Amino acid sequence: MSDLDVTPATFAQPWVPRDDVRITDVRAIVTAPEGIPLVVIRIDTSDDGLYGLGCATFTQRWKAVVGYLEHVRRLVVGRYPGDIEDLLRVIRFTGYWREGPVGNNVLSGIDMALWDIAGKRAGAPVYELLGGRVRAAADTYLHAEGATPEQTAEHARELMDAGLRHVRIHTGQPGIGHYGAPPSGDEYTWAKTPTGWSVDEYLRRTPALFARMRELLGEEVELLHDAHSRLTPKTAVMLARSLEEFRPFFLEDVLAPEFWDRLPEVRAASPVPLAVGELATSATEAARLVRSHAVDFIRCHLSDIGGLSAGRRLAVLAEFEGVKTAWHSPGDASPFAVAAAVALDVSSPAFGIQEGHVYNEATHEVFPGMIDIVDGWLTPNDAPGWGIDLDERAAARFPAGLSGHDGWAAGVRAPDGGLLAP
Ligand code: GCO
Ligand code: MG
């Protein structure tokens, strides 16, 4: 079949939709109100004023996402927006090679935009389409960081004063510091990369950080930590065991995805709960983590695994496997991704905790209706769909350049000069 033989009918469903609303356009809007490129997909329909919005943010490679959408446009324009599952399957299967963050982000943007449209048509928030609430709101954590444990404690205290009951803690070490924390000021004078990151230093400083936090903050607050993929199965066990006495809520990303098959042995070696999944680039890969009992918390970046529909499947699987959810939601997730995560959080019995990010004012201008953390809670909008809009004029005031995350990742080297997982 050549390109010329392909007509809109080629991609149509072999059934008659229940009404005549059709998708008329799909496009990507890229904006960087916080300096971090965010990608949103907008789907327009033949119904006046009826459109949907969804998150397709792969910030490091956003131009690829925009380019991928060109291939997908003809698959969706002309289709009935209510056939969400069939549309997702047509997009996945026509690409033949179906996994990967670029394609999944496009899938996610379209998926979330279709759920938004479904909610608007039903006059209901998306969480209600998922079966409705099983809890009032999602308990949320934020990150506390400082060059020293004392500074981290000070930051954590501010967050606790703002109502947070869960705080993820990081502290500096010589050189580049640790992921999420500034350097402690000194460098390794003997090193090939004086600003390098040392695993030995990290394995000493992290239990010391937890000990100091418990001294300064007490027992009530839940403490979390992200190792950011830098350990081996053995050093992961060493870290987990050294933290046991401080009762971490979870320990995140001890291993890079290349070593995920070794997670069950790390998990068996220590009672510290493991949280993994933000680097999963398919729902299948994430499902394998849950099914192989490799994790206590599954925490995917929803747009990287294909959106709300993928997350919904995982939440159900997690429920049956006794695993909790902790959807990834940092500054490189748009407010639509936050809304999707929170819709799952309040409707899933498998909910564990929600990651949060405090967005700047410019982001609020671009995304009217976006939800904010109040007293440590994220609460979904009750308006139909996501209840969030995208002000395209405001978005245009914050044009995106290439991602700054590249520079950060390129800077993570060991003292001997070897590049590490960021
Ligand atoms: C987290 C993360 C992020 C990632 C970022 C990469 O747990 O919040 O690890 O901050 O580093 O999303 O683009
Ligand atoms: Mg992380």
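Residues numbered from 1 in each chain as written. Chains lettered and ligands numbered in written order. Predicted model: local features only at pLDDT ≥ 70, side-chain atom pairs only at ≥ 80, totals over all residues. Heavy atoms only, no water.

As recorded in an unreviewed UniProt entry, the protein chain goes by the name Enolase C-terminal domain-like protein, listed as coming from Herbiconiux sp. A18JL235.

1. Some points on the coordination of the magnesium ion (ligand 2)
Tetrahedral metal sites with four donors have an ideal angle of 109.5 degrees; octahedral sites with six donors have ideal angles of 90 or 180 degrees. Operational definition: Metal donors: N, O and S atoms at distances within 2.8 Å, or within 3.2 Å for Na, K and Ca, with water omitted from the atom set so that some sites may seem incomplete. A run of DSSP states H or I qualifies as a helix once it reaches four residues; a run of E qualifies as a strand once it reaches two. Both are numbered from the N-terminal end. The buried label goes to any residue with under 20% of its type's maximum accessible area, the exposed label to any with over 50%, and the partly exposed label to all in between, with areas taken from a 1.4 Å probe on protein chains only.
Only D226 (OD), E252 (OE) and E278 (OE) from the protein reach the magnesium ion (ligand 2) as donors, at distances of 1.9 to 2.3 Å. Here the donor residues for the magnesium ion (ligand 2) map to a single chain with the spacing D-x25-E-x25-E. Separated by 26 residues along the polypeptide, D226 in strand β6 (residues 222-226) and E252 in strand β7 (residues 250-252) bring together distant segments of the chain. The pair formed by D226 and E252 is uniform in burial state, with each residue classed as buried.

2. Let's talk about the nonpolar core
For the record, the criterion: Nonpolar cores were defined as sets of buried Ala, Val, Leu, Ile, Met, Phe, Trp, Tyr and Cys residues, with membership established by side-chain atoms within 4.5 Å. Marked domain ranges trace back to an automatic or database domain assignment. Note on definitions: a residue-residue contact is assigned when non-hydrogen atoms from the two residues lie within 4.5 Å.
Core analysis: the biggest nonpolar cluster contains 118 residues, and I110, V254 and W386 have the highest contact counts within it. Split by domain, the residues of this core number at least three in each of domain 1 (3-125) and domain 2 (129-385). Other than its neighbours up to four places away in sequence, V254 contacts A227, S229, R230, L231, A236, L263, V266 and L274. Listed in part, the 8 residues of the second largest apolar core include Y141, F250, A275 and A326.

3. Some details on the pattern of salt bridges
Here is the rule: Throughout this description, the term salt bridge denotes a Lys or Arg side-chain nitrogen within 4 Å of a carboxyl oxygen of Asp or Glu.
According to the stated counting rule, one finds 29 salt bridges in the structure shown. Residue E222 pairs with R247 through a salt bridge whose shortest N-O separation is 3.2 Å. Pair noted here: E222 is in strand β6 and R247 is in the loop between α7 (233-243) and β7, with a separation of 25 residues, a long-range link. Linked by salt bridges that have partners in common, R168, D226, E252, E278, R299 and E355 make up one network.

4. Focus: the site of ligand 1
Put simply, the test is: Near residues are defined by distance, with any heavy atom within 4 Å of the molecule or strand qualifying the residue. We define a polar contact as two N or O atoms separated by no more than 3.5 Å, with the added condition that, inside protein, one atom must be a possible hydrogen donor and the other a possible acceptor, whereas residues neighbouring each other in sequence contribute only through side-chain atom pairs. Calculation of accessible area relied on Shrake-Rupley with a 1.4 Å probe; when residues are assessed, cover is drawn exclusively from the protein chains displayed.
Lining the immediate environment of ligand 1, one finds 15 residues, of which Y179, E252, E278, D332 and E355 sit closest. A distance of 3.4 Å is found between an oxygen atom of ligand 1 and a side-chain nitrogen or oxygen belonging to H328. Protein contacts shield 89% of the accessible area of ligand 1, which totals 340 Å² for the unbound molecule.

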